[in-house]
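Per-entry structural report
So the chains spell out like this:
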Amino acid sequence: MYQKILNEIFNEVNRLNLQGKQADYIPELAKISPDKFAINLTELSGKNYGIGDINDKFSLQSIAKVFAFTLAYKLKGNEVFRHVGIEPSGDPFNSLIQLEQEEGMPRNPLINAGALAICDVLIDELPNPEQDLFDFIKKIAQNNTISYNPKVYQSEKKTSYRNRALINLMKSFGRIHNDTEAVLDLYFKLCSVEMTAPELSRTFLLYANHGKLPGTQEQILTSSQSKRLNAIMQTCGFYDEAGEFTFRVGLPGKSGVGGGIAAIHPGKYAVAVWSPLLNPKGNSVKGMKALELLTTKLGWSIF
Ligand code: GLU
């Protein structure tokens, strides 16, 4: 059933001739072919269904913030919420305005300021931050080959004016403990993680499986933490379009400016979509449409 629905969605979305634009503030991302399009769904059992460019790796960008937050939440429990809030920002992902008004406390862990604060926590908590974070991502992906793209990393580093402004503002409020360069470096590597759509949907099964790894059933987050993280994705996972995504799709998920979206239906499946053409809010145009069609055709969402 899933494969037939994915095939229909792929063809329908392509016929719509939707318009968008690659993220060009990170020059390396602007080089990706605009025609790339992949949809992949993995059931909790591990059964996989995909169509399109499912063998291409793409830059996860903000989607990877979910993995950093998962590790920080696992390590620190509710203490992590002394560093980041849980409210949607209603502002663009790299906005400085709220941060100034709210004394450097990021609204949530999925906007840039929040992910920078989480990278700062990870540097405090981990003996070898980069190695330990990447080992953790490989573990939850159940895939030892996962890595970051060095060209994207360099490209982000060179053009990181906004992220530097965010971290310096937070530092001025005493909210960042470590050297800002070290925090930025970990953050750029995190954002440059790349996966194929099947690798991404398999990794997100963790959040569809109440915090347990599929297969081994190892508990990574407690079921309460997993529920709460899903709630944060639902309310904060799509920049200032979280309401629109909830309205049209009805699943928790996270998007990234590389054009990927990962979403889950707890107890059922995880799905990853990738097309680099973004709408003005930074979400993949084809990705949003494909997921809207998926929950419409299946007749199930979490609502
Ligand atoms: N690396 C990107 C940035 O820092 C992430 C943005 C995103 O995907 O939302 O601007």
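Right, let's walk through the structure included here.

Criteria and thresholds
Residues numbered from 1 in each chain as written. Predicted model: local features only at pLDDT ≥ 70, side-chain atom pairs only at ≥ 80, totals over all residues. Heavy atoms only, no water. Axes fitted to C-alpha atoms, helices over the stretch in contact; angles between N-to-C directions. Helix = DSSP H or I, 4+ residues; strand = E, 2+ residues; numbered from the N terminus. Parallel < 35°, antiparallel > 145°, perpendicular 65-115°, else oblique. Left-handed = near helix turned anticlockwise from the far one by under 90°. Contact = heavy atoms within 4.5 Å. Nonpolar A, V, L, I, M, F, W, Y, C, P; charged D, E, K, R; others polar. Pairing = 2+ DSSP bridges. Near = heavy atom within 4 Å. Polar contact = N/O pair within 3.5 Å; in protein donor to acceptor, adjacent residues only side chain to side chain. Expected span 1.5 Å × (residues − 1). Buried < 20%, exposed > 50% of the residue type's maximum accessible area, 1.4 Å probe, protein only. Salt bridge = Lys/Arg side-chain N within 4 Å of Asp/Glu carboxyl O.

1. Observations regarding the packing of helix H8 (residues 161–172) against helix H9 (residues 180–191)
The geometry of H8 relative to H9 is characterised by a closest axis approach of 11 Å and an angle of 135 degrees between their N-to-C directions. The orientation of H8 relative to H9 falls into the category oblique. The chirality of how H8 crosses H9 is right-handed. Residues Asn-163, Arg-164, Ile-167, Asn-168 and Lys-171 of H8 touch H9, and the partners they reach there are Thr-180, Glu-181, Val-183, Leu-184, Tyr-187 and Phe-188. Class assignment of the residues belonging to the contact of H8 with H9 gives a composition of five nonpolar, three polar and three charged.

2. A look at the sheet that holds strand S8 (residues 269–274)
Here five strands make up an open sheet; going across it, the order is S2-S1-S8-S7-S6 and the pairing antiparallel. Sheet topology places strand S2 (48–52) and strand S6 (253–255) at the edges, where each strand pairs with a single neighbour. Shown here is a sheet whose adjacent strand axes are inclined to one another by a mean of 5 degrees, direction ignored. Where S6 and strand S7 (residues 260–265) come together, three bridges link them in antiparallel fashion. Residue Gly-253 lies in a different strand from S7, and its bridge partner there is Ala-263. Against the sheet, helix H1 (residues 2–16) contacts strand S1 (38–43), S2 and S8, and its axis sits at roughly 20 degrees relative to S2.

3. A word on the site of the ligand
Around the ligand, the neighbouring residues are Tyr-25, Gln-61, Ser-62, Phe-93, Asn-112, Glu-156, Asn-163, Tyr-187, Cys-191, Tyr-239, Gly-256 and Val-257. In the environment of the ligand, a nitrogen atom lies 2.6 Å from a nitrogen or oxygen atom belonging to the side chain of Gln-61. Residue composition of the shell around the ligand, grouped by class: six nonpolar, five polar and one charged.

4. Regarding helix H10 (residues 197–208)
Residues three or four positions apart in an α-helix share a direction because the helix packs 3.6 residues into each turn. With twelve residues, H10 extends 16 Å between its outermost C-alpha atoms, agreeing within 8% with the 16 Å of an ideal straight helix rising 1.5 Å per residue. Across the twelve residues of H10, ten count as buried, placing the element largely inside the fold. Two residues or fewer after H10 comes His-210, characterised by a positive phi angle close to 55 degrees.

5. Quick word on the pattern of salt bridges
Here the structure, examined in full by the defined rule, presents 19 salt bridges. As a salt-bridge pair, Glu-8 and Lys-297 come within 3.0 Å of each other at their nearest N and O atoms. In this pair, Glu-8 sits in helix H1 while Lys-297 sits in helix H13 (residues 285–298), placing the two residues 289 residues apart along the sequence. The exposure class of Glu-8 is partly exposed, given its relative accessible area of 30%. Lys-21 is paired through a salt bridge with Asp-24; the nearest N and O atoms lie 2.9 Å apart.

6. Section: the environment of Tyr-153
The residue Tyr-153 is located in helix H7 (residues 150–158) in this model. The class for Tyr-153 is buried, based on a relative accessible area of 8%. Residues Tyr-153 and Lys-189, spaced 36 residues apart in sequence, show a C-alpha to C-alpha distance of 5.8 Å. For Tyr-153, the side chain forms a polar contact with the side chain of Asp-185, separated by 2.4 Å.

7. Overview of unusual backbone geometry
Positive phi values are uncommon outside glycine, yet Gln-217 reaches one of about 65 degrees. Along the chain, Gln-217 falls in the loop between H10 and helix H11 (223–236). Residue classification places Gln-217 among the partly exposed positions, given a relative accessible area of 38%. For Tyr-239, which is not a glycine, the phi torsion comes out positive at approximately 55 degrees. Judged by relative accessible area, which is 6%, Tyr-239 ranks as buried.

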